[in-house]
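Remarks on the overall topology
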Amino acid sequence: MSAPQKAKAGAEEISVIVSAIVPVTEQVCRFEFTRPDGADFPPFSGGAHTVVTMKDADRTRLNPYSLMSDPADLSTYAISVRREDNGRGGSVFMHTQVAEGDAMTITYPVNLFSLDLRAKKHLFFAGGIGITPFLAMIGQLEQSNGNWELHYSVRSKALGSYVDMLTAKYPNKVHIYYDEKKQAIPLAALLDGQPLGTHAYVCGPSGMIGWVHDTAAGMGWPDAHVHSEEFTAPAPGAPFEVHLCKSDKTITVGEHESLLEAIERVGVKAPFMCRGGSCGQCETAVVSATGEFVHRDHWLDEADQSSGQKIMPCVSRFIGSNLELDL
Amino acid sequence: MSKFDFPPSIQSRPVWGTLEPRTGPAHLFIADAQGAEAIIDVATPDLMVKAHIIFISRGTDYAEKLQALSPAQFYEGPSYDAALLRIKRVLSDAKMGLQLYLSGTESLMGQALNEAIQAGVPFGSIQTEHRGSTARRMQCVHCKGFTEDVETDPFVCSHCGLNLFVRDHYSRRLAAYQAVCVDAEDPGNVPESKGIYE
């Protein structure tokens with residue numbers, strides 16, 4: 001279990017200027033940031049993400065995105081955003097409301113998907129926009145002549161972000177699979193016969209992540225050598241009421257709003273890092289509850305989830321008449 | 001009886017487990033002396049078809065019983081040092097999915113763990129089971145020499161001759177417990193030697 005890096009509420013922020021917006025495919029745009037004072041950004045490692053604050057009218061959206069720029073170049077941070085027209089609105093805001101020259105804030109980078117530098121070889125599996133953390137990881141490994149190969153599954157040539165760049169730059173290490181040509185990553189064949197000390201990394205849809213974990217486990221790969229990251233939006237649910245004891249506020253969590261977002265909406269600073277139920281930073285004590293928890297996190301163990309004493313407000317919800325939190 | 005319940009100790013003391021069959025394309029067993037019994041207990045025909053047993057007999061007569069399990073490969077050696085080149089070679093040729101089973105003395109398991117970790121096997125995936133002698137591999141913190149098969153406390157360093165106290169402090173890197181001079185301030189005043197677990 002990795003320890004949370006800081007214990008204070010919220011996350012440290014960096015002011016940035018949108019220095020470039022580059023269309024990558026029909027659905028994906030790259031946003032490049034510089035600092036207003038021209039200074040370098042804090043160093044980060046491949047796989048790190050940042051949380052972007054979006055001021056969308058009276059609503060503040062906070063979405064995590066993988067840093068995809070080269071960790072060796074700290075003059076710029078870059079993220080790639082896939083437009084989700086049926087999503088919760090963050091990516092559409094980025095695509096339609098953000099312009100070059102805009103001032104924004106992002107958080108210090110945090111890495112929940114880092115390279116294991118003891119690996120003899122790094123085997124990357126990317127699906128769609130899941131390519132982004134690997135771009136930074138590849139940048140990092142190229143600095144040290146690291147042993148890596150990438151297997152990248154995309155829908156079509158037109159929708160494959162950075163396919164041309166990757167295949168041009170690393171023709172002998174990058175393998176692309178096109179859904180439109182009915183090509184699939186030959187996972188079992190790729191996992192078979194890898195040298196001892198190989199680490200596998202997967203970022204993509206949850207089905208792909210489960211497929212890689214299960215296939216590797218079935219072939220005798222130790223869990224510690226299979227790493228994954230999934231960015232998921234908090235799932236919707238019936239509205240519910242919650243009382244925040246320390247700040248003495250009662251709020252209603254909307255259908256498409258997460259508990260954490262509702263807490264932030266009324267101005268209460270709550271800790272967070274990943275906003276996806278996996279880092280453990282937002283763990284909150286339950287003071288009292290009458291009802292049922294809908295735990296959706298990957299952080300609390302089964303005993304903690306069934307105890308009714310803890311909740312991860314970034315993804316989890318509640319169904320019942322009374323919920324009081326220690327916030 | 002080749003099993004021994006280690007008394008509670010400090011956190012750095014290694015904790016050994018019980019071998020269980022796992023799925024994988026290849027199974028490497030490294031054992032010494034009574035460690036053979038742990039292999040015999042866990043062996044199944046399915047496992048043995050893909051198994052390589054490296055056995056350090058240390059004067060025991062388990063080799064025939066192990067061969068009777070029909071492993072894909074069987075090697076018998078007189079000492080860990082003699083088997084080490086083979087262990088290194090097998091690990092360097094090994095592929096992901098290899099399942100590793102270590103059994104026998106703490107000295108054997110500790111040193112083989114070290115080789116495996118260096119070869120890229122994660123610590124948490126390596127199975128161990130203690131069997132047989134509870135003698136320790138000790139490092140003299142003064143001359144850095146290793147004394148194998150230490151059964152008594154205190155003991156005499158086989159390299160520098162100091163009287164050494166047996167500590168529970170363990171180094172995974174060295175696969176050895178630490179031994180410290182017991183009569184440094186009052187040379188010759190050495191407590192009577194007794195068994196480590198007495």
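Residues numbered from 1 in each chain as written. Chains lettered and ligands numbered in written order. Predicted model: local features only at pLDDT ≥ 70, side-chain atom pairs only at ≥ 80, totals over all residues. Heavy atoms only, no water.

As recorded by an unreviewed UniProt entry, chain B carries the name Dimethylamine monooxygenase subunit DmmA family protein and is attributed to Yoonia phaeophyticola.

Under an unreviewed UniProt entry, the name given to chain A is 2Fe-2S iron-sulfur cluster-binding protein, and the organism recorded is Yoonia phaeophyticola. Under the heading Cofactor (unreviewed entry), UniProt records this for chain A: "FMN". (UniProt positions renumbered as here; feature names shortened; annotations may be inferred.)

Description of the overall build of chain B
Looking only at helices and strands, chain B has five helices and twelve strands in total. Over its C-alpha atoms chain B spans a radius of gyration of 18 Å, differing by no more than 12% from the 16 Å that the globule rule assigns to 198 residues. Scored against the burial criterion, the 198 residues of chain B give a buried share of 51%. When contacts within chain B are restricted to residue pairs at least 6 apart in sequence, those whose partners lie at least 24 apart make up 62%. (Helix = DSSP H or I, 4+ residues; strand = E, 2+ residues; numbered from the N terminus. Rg over C-alpha atoms; globule rule 2.2 N^0.38 Å. Buried < 20%, exposed > 50% of the residue type's maximum accessible area, 1.4 Å probe, protein only. Contact = heavy atoms within 4.5 Å.)

Re the overall build of chain A
Across its full length, chain A carries seven helices and 17 strands. At 20 Å, chain A has a C-alpha radius of gyration in line with the 20 Å of a compact globule built from 327 residues. Principal-axis analysis of the C-alpha atoms places the extent of chain A at approximately 60 × 50 × 35 Å. When contacts within chain A are restricted to residue pairs at least 6 apart in sequence, long-range pairs at least 24 apart make up 66% of them. Of the roughly 14,600 Å² of accessible surface on chain A, 49% is carried by carbon and sulfur atoms. Across chain A, the centroid of the 27 positively charged side chains sits 2 Å from that of the 39 negatively charged ones. (Areas by Shrake-Rupley, 256 points an atom, 1.4 Å probe, with all protein chains shown as cover. Lys, Arg positive; Asp, Glu negative; His and termini not counted. Charge placed at Lys NZ, Arg CZ, Asp CG, Glu CD.)

Digging into the UniProt feature "domain: Dimethylamine monooxygenase subunit DmmA-like N-terminal" (unreviewed entry) in chain B
Here, UniProt's "domain: Dimethylamine monooxygenase subunit DmmA-like N-terminal" (unreviewed entry) annotation points to residues 9-122 of chain B. This span, residues 9-122 of chain B, is 39% helix and 22% strand, and a straight line between its end C-alpha atoms measures 24 Å.

Quick word on the interface of chain A and chain B
On the side of chain B, 16 residues touch chain A, which itself brings 15 residues to the contact. Each partner contributes to the roughly 1,100 Å² buried at the junction of chain A and chain B, and carbon and sulfur atoms together form 63% of this total. Counting across the interface, chain A meets chain B through zero salt bridges. (Buried area = accessible area lost by both parts, 1.4 Å probe. Salt bridge = Lys/Arg side-chain N within 4 Å of Asp/Glu carboxyl O.)

Some points on the sheet that holds strand E3 (residues 73-77) of chain B
Across a sheet, strands are paired by hydrogen bonds formed along the backbone, either parallel or antiparallel in direction. Residues and elements named next belong to chain B. Pairing is parallel across the open sheet formed by five strands, whose spatial order is E3-E2-E1-E4-E5. Every other strand in the sheet has two partners, leaving E3 and strand E5 (127-130) as the edge strands with one partner each. Shown here is a sheet whose adjacent strand axes are inclined to one another by a mean of 10 degrees, direction ignored. Seen against the sheet, helix H4 (residues 80-93) touches strand E1 (26-32), strand E2 (51-56), E3 and strand E4 (98-104) and runs at an angle of roughly 160 degrees to E2. (Pairing = 2+ DSSP bridges. Axes fitted to C-alpha atoms, helices over the stretch in contact; angles between N-to-C directions.)

With respect to the UniProt feature "domain: FAD-binding FR-type" (unreviewed entry) in chain A
According to UniProt, the "domain: FAD-binding FR-type" (unreviewed entry) feature falls on residues 11-116 of chain A. Taken end to end, residues 11-116 of chain A has its terminal C-alpha atoms 25 Å apart, with 8% of it in helix and 45% in strand.

Here's the deal with the domain arrangement of chain B
Residues and elements named next belong to chain B. Taken domain by domain, chain B consists of domain 1 (27-130) and domain 2 (136-195). Distance from the C-alpha centre of domain 1 to the C-alpha centre of domain 2: 28 Å. Between domain 1 and domain 2 lies a buried interface of about 690 Å² when both sides are counted; carbon and sulfur atoms form 41% of it. Considering only the surface of domain 1 that becomes buried against domain 2, Glu-106, Ser-107 and Asn-114 emerge as the three largest contributors, covering 48% of it. Linking domain 1 with domain 2 are one salt bridge, by the criterion used here. (Domains from an automatic or database assignment.)

Things to note about the nonpolar core
Residue and element names in this part refer to chain A. The biggest cluster of nonpolar side chains holds 27 residues, and the ones touching the most others in it are Val-242, Leu-244, Leu-259, Ile-263, Leu-323 and Leu-325. At the level of elements, strand E13 (240-244), strand E14 (249-253), helix H6 (259-265), strand E15 (284-294) and strand E17 (317-325) are the ones that each hand at least two residues to this core. Of all the elements, H6 adds the most residues to this core, at four residues. Leaving out residues up to four positions away in the same chain, Ile-263 has contacts with Leu-244, Ile-251, Val-268, Ala-270, Pro-313, Leu-325 and Leu-327. (Core = buried A, V, L, I, M, F, W, Y, C linked by side-chain atoms within 4.5 Å.)

Digging into the packing of aromatic side chains
Applying the stated criterion to the full structure yields 15 aromatic pairs over all chains. Between Phe113(A) and Tyr201(A), the aromatic rings sit 6.3 Å apart at their centres with planes inclined by 75 degrees, giving edge-to-face as the arrangement. Highlighted residues: Phe113(A) in the loop between strand E7 (110-111) and strand E8 (121-127) and Tyr201(A) in strand E11 (residues 198-203), separated in sequence by 88 residues. Here Phe113(A) and Tyr201(A) have matching classes, each one buried. Put simply, the rings of Phe113(A), Phe124(A), Phe134(A), Trp148(A), Tyr170(A) and Tyr201(A) touch in pairs and so form one group of aromatic residues. We note Arg137(B) situated over the ring of Phe146(B); from NZ or CZ to the ring centre the distance is 4.2 Å. The aromatic ring of Phe123(B) is capped on one face by Arg172(B), whose charged end is 3.6 Å from the ring centroid. (Phe/Tyr/Trp six-rings, centres within 6.5 Å; stacked < 30°, edge-to-face > 60°. Lys NZ or Arg CZ within 6 Å of the ring centre and 35° of its normal.)

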